[in-house]
Amino acid sequence: MADFYQTGVVATLHRFMETGHERLERELMAYASQRPVALVLPALFSEFEGPAMPRIVEQLREVPYLRQVILTLAKADEEKFALAKKHMSGIPAEVRVIWNDGPRIEALYTRLRQNDLPVGEDGKGRSCWLAYGYVLASRKSDVIALHDCDIATYDREMLARLVYPVANPNINFEFCKGFYARVTDRMHGRVTRLLVTPLLRSLVKILGPMPLLVFLDSFRYPLAGEFAMKADLARSNRIPGDWGLEIGVLTEIFRNCSAKRVCQSELCATYEHKHQELSPDDPNKGLKKMSVDIAKTLFRTLSAEGAVFSSGVFRTLQAIYIRTAEDTITRYRADALIDGLVFDRHAEEAAVATFAQSIRIAAEAFMEDPLGQPLIPNWSRITSALPDFLDDLLTAVDQDNGAR
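Every residue gets a number counted from 1 within its own chain, in the order that chain's sequence is written. At least 70 in pLDDT is required for a residue's local features to be given in this predicted model, at least 80 for side-chain atom pairs to be given and counted, and no such filter applies to totals for whole chains, interfaces and linings, which use all residues. The side-chain quantities take in all heavy atoms of the structure and omit both hydrogens and water.

Chemist: Lay out the pattern of salt bridges in plain terms, naming residues and giving numbers.
Modeler: Any carboxyl oxygen of Asp or Glu that lies within 4 Å of a side-chain nitrogen of Lys or Arg is treated as forming a salt bridge with it. Counted by the stated rule, this structure contains 21 salt bridges. Residue Arg 96 is joined to Asp 398 by a salt bridge in which the shortest nitrogen-to-oxygen separation is 2.8 Å. Separated by 302 residues along the polypeptide, Arg 96 in strand β4 (residues 94–99) and Asp 398 in helix α15 (residues 389–400) bring together distant segments of the chain. We call a residue buried when its accessible area falls under 20% of the maximum for its residue type, exposed when it is over 50%, and partly exposed in between, using a 1.4 Å probe and counting protein chains only. Residue classification places Asp 398 among the buried residues on the basis of a relative accessible area of 5%. Between Lys 289 and Asp 293 there is a salt bridge, with the nearest N and O atoms lying 3.2 Å from each other. Placement of both Lys 289 and Asp 293 in helix α11 (residues 286–304) is noted, with a separation of four residues, approximately one turn of the helix. Counting from the N terminus, the helices are DSSP H or I runs at least four residues long and the strands are E runs at least two residues long.

Pasting the structure below:
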């Protein structure tokens, strides 16, 4: 969308014209000699069985500037691990598949637990964290990019526009978050539209314009799974192990990076991926679990920034959130009508009701345990406690891939 408006405290890089990937890739080829790029792909094996992952791999086979591609694979036995390696063949970068369920990686997780280093449960957060460790251990890349593996409309231009602001030394950003319009014949992105943005703005009404809230509300699509960063940030950032990953990453960037070194880049005209069920009656799956985890991460992070929460504050928050979200729905309805989009107001209201329940569940969990499950430690702490751990991780992954 042609929109040059700058909002909030982070720079917004727009996609004014559909110029394609050719110029960006030519420049990235030159920059990659100074700032080599690694791409991390967190995936379940089941994603190779759908249309999205084969398309992503096909596109990556044409990308010339990547130094490393790290597929961090979950829910896979030995046969599926071997098949995943086969599927990834033909990519010109150095490819490694991290077998998270394999005996070598499991032994490393056990070693961390034995040394009182919590690594959380199996999930996207832990998988990404381990892949960052491999990139740091290999010492081959200065920029780490990440995107999801369920993008049905994937195009290599998305990756170029994500990596460019961090890899280009003339711009010199340290972190770039992707954004895009989640629109087909209707609006998608319910958790961002109807939970995160109204919740952030409701919290501002109660807590005032705390710098963290202003920072988070500056992002067009805070739950986007696409971002790129300097490798040094991967060494210092902690990571949540649950659905709070994207918000957790942004809060760590807020702590460890100047806002002047943070940007968001518009990646594409259209973006489509798999849609989660709302699951209004089950807080342990679907969008309801996601929304609970996000709210818990937000409350705990704000508390660490000095916000004071009480049962009264949370009751007020829930009331303000519902009013704010309902007003937001009215805006989205007008937006849909002018463009002739399908708009199911009942479904939107049902989502808000579900998210209001999620906020209540998250508030109760916070009041019971303000600290919650600890974040996965950053790699600086790991190497301080276990100086040889990164070397052991490098060896384990390379051995699984037959490289040593």
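Chemist: Lay out the side chain of Asn 237 in plain terms, naming residues and giving numbers.
Modeler: Along the chain, the position of Asn 237 falls in the loop between α9 (231–236) and α10 (245–256). In protein, a polar contact requires one atom able to donate a hydrogen and another able to accept it; more generally it is a pair of N or O atoms within 3.5 Å, and residues adjacent in sequence count only if both atoms are side-chain atoms. A distance of 2.8 Å separates the side chain of Asn 237 from the side chain of Asn 256, its partner in a polar contact. Excluding residues within four positions of it along the chain, Asn 237 makes contact with Met 229, Glu 252, Ile 253, Asn 256 and Asn 378. Contacts are assigned to residue pairs with any non-hydrogen atoms lying within 4.5 Å of each other.

Chemist: A description of the layout of surface pockets should follow, citing residues and the corresponding values.
Modeler: Considering only enclosed or pocket space, the second largest pocket measures out at about 1000 Å³ in volume. Of the grid points, spaced at 1 Å and generated over the protein atoms alone, those admitting a 1.4 Å probe that cannot get out make up cavities, while open sets with protein on both sides within 12 Å along at least five of seven lines make up pockets; any residue with an atom within 4 Å of a point is treated as lining. Arg 193, Thr 197, Arg 220, Tyr 332 and Asp 335 are the residues nearest the centre of the second largest pocket, which is lined by 32 residues in total. Of all the secondary-structure elements, those providing two or more residues to the lining of the second largest pocket are α7 (190–207) and α12 (311–339). Ranked by the residues each element gives to the lining of the second largest pocket, the list is headed by α12, at seven residues. Three classes are used: nonpolar for Ala, Val, Leu, Ile, Met, Phe, Trp, Tyr, Cys and Pro, charged for Asp, Glu, Lys and Arg, and polar for all others, with Gly counted as polar. A breakdown of the residues in the lining of the second largest pocket according to their chemical character gives twelve nonpolar, eight polar and twelve charged. Grid points are joined across faces, edges and corners, and a volume is the space filled by probe spheres set on the points.

Chemist: Explain unusual backbone geometry to me, and be specific about the residues and the numbers.
Modeler: Even without a glycine there, the phi angle at Lys 75 is positive, about 60°. Residue placement: Lys 75 occurs in the loop between β3 (66–74) and α3 (78–87). In this structure Lys 75 comes out as exposed when scored by relative accessible area, which is 56%. Here Arg 139, not a glycine, exhibits a phi torsion of approximately 55°, which is positive.

Chemist: So, the environment of Glu 277: which residues are in play, and what are the values?
Modeler: Topologically, Glu 277 is positioned in the loop between β8 (262–266) and α11. For the pair formed by Glu 277 and Arg 156, sequence separation is 121 residues and the distance between their alpha carbons is 28 Å. Residue contacts for Glu 277: discarding those within four places in its chain leaves Gly 286 and Leu 287.

Chemist: Describe in detail α7, supporting the description with residues and values.
Modeler: Helix span, expected: 1.5 Å multiplied by one less than the number of residues in the helix. Between its terminal C-alpha atoms α7 stretches 24 Å, which fits the 26 Å expected from 18 residues at 1.5 Å a residue. For α7, the set of buried residues is Val 191, Thr 192, Arg 193, Leu 194, Leu 195, Val 196, Thr 197, Pro 198, Leu 199, Leu 200, Ser 202 and Leu 203. Turning to α7, the residues buried within the fold contact α8 (211–216), α10, α11, α12 and α13 (345–368). Directly beyond the C-terminal end of α7, a positive phi value near 85° is found at Gly 208.

Chemist: So what's going on with empty space enclosed by the protein? Which residues, and what values?
Modeler: As enumerated under the stated definition, the model contains two cavities of 30 Å³ or more in all. Its volume calculated, the largest cavity comes out at about 40 Å³. Around the largest cavity, the lining residues are Tyr 132, Phe 227, Met 229, Leu 233, Ala 234, Asn 237, Arg 238, Ile 239 and Val 249. Counting residues per element, the ones that place at least two in the lining of the largest cavity are β7 (227–230) and α9. For the lining of the largest cavity, the residue count by class is seven nonpolar, one polar and one charged. Reported here for the second largest cavity is a volume of approximately 30 Å³. In the lining of the second largest cavity, the residues fall into six nonpolar, one polar and one charged.

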